[in-house]
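Residue strings, one per chain:
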Amino acid sequence: MIKDEEVDEFSIWLQSGINRGWISTVVCATHDGIDPISEEELQEWEAGNDPCQFVVRILE
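Residues numbered from 1 in each chain as written. Predicted model: local features only at pLDDT ≥ 70, side-chain atom pairs only at ≥ 80, totals over all residues. Heavy atoms only, no water.

This next bit is on helix α1 (residues 4-19). Compared with the 22 Å implied by 1.5 Å per residue over 16 residues, the 22 Å span of α1 between its first and last C-alpha is a close match. Residue Gly21 follows α1 closely and has a positive phi angle near 80°. (Helix = DSSP H or I, 4+ residues; strand = E, 2+ residues; numbered from the N terminus. Expected span 1.5 Å × (residues − 1).)

As structure tokens, then:
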């Protein structure tokens, strides 16, 4: 289980990267259209499921 302190530390690290322009904000790859999607995920999507994949893009 992730500890609250670890969540806080990760949030600070993530926000620092966003503020410095090193990474994008968090997006859902499934709903925001980030490629590539795997064959398994495509099959799940076509079967009516909704596989969210949260990602950030490395900018620099």
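Moving on, we come to the packing of aromatic side chains. Considering all chains together, one arrives at one aromatic pair under this definition. Aromatic side chains Phe10 and Trp13 sit 5.4 Å apart centroid to centroid with 35° between the ring planes, which places their arrangement in the tilted category. Of this pair, Phe10 and Trp13 both sit in helix α1, three residues apart, which is roughly one turn of the helix. The class of Phe10 is partly exposed, set by a relative accessible area of 46%. (Phe/Tyr/Trp six-rings, centres within 6.5 Å; stacked < 30°, edge-to-face > 60°. Buried < 20%, exposed > 50% of the residue type's maximum accessible area, 1.4 Å probe, protein only.)

Moving on to a nonpolar patch on the surface. On the surface, a nonpolar cluster with roughly 410 Å² of combined accessible area is contributed by Val26, Phe54, Val56 and Ile58. Tracing the backbone through its elements, the reader meets Val56 in the segment after β2 (54-55). Judged by its relative accessible area of 33%, Val56 is partly exposed. (Patch = residues over 30% accessible without salt bridge, like charges linked within 9 Å, V, L, I, M, F, W, Y side chains within 5 Å. Areas by Shrake-Rupley, 256 points an atom, 1.4 Å probe, with all protein chains shown as cover. Salt bridge = Lys/Arg side-chain N within 4 Å of Asp/Glu carboxyl O.)

Fair warning: the whole summary comes from geometry, so function is off the table for now.
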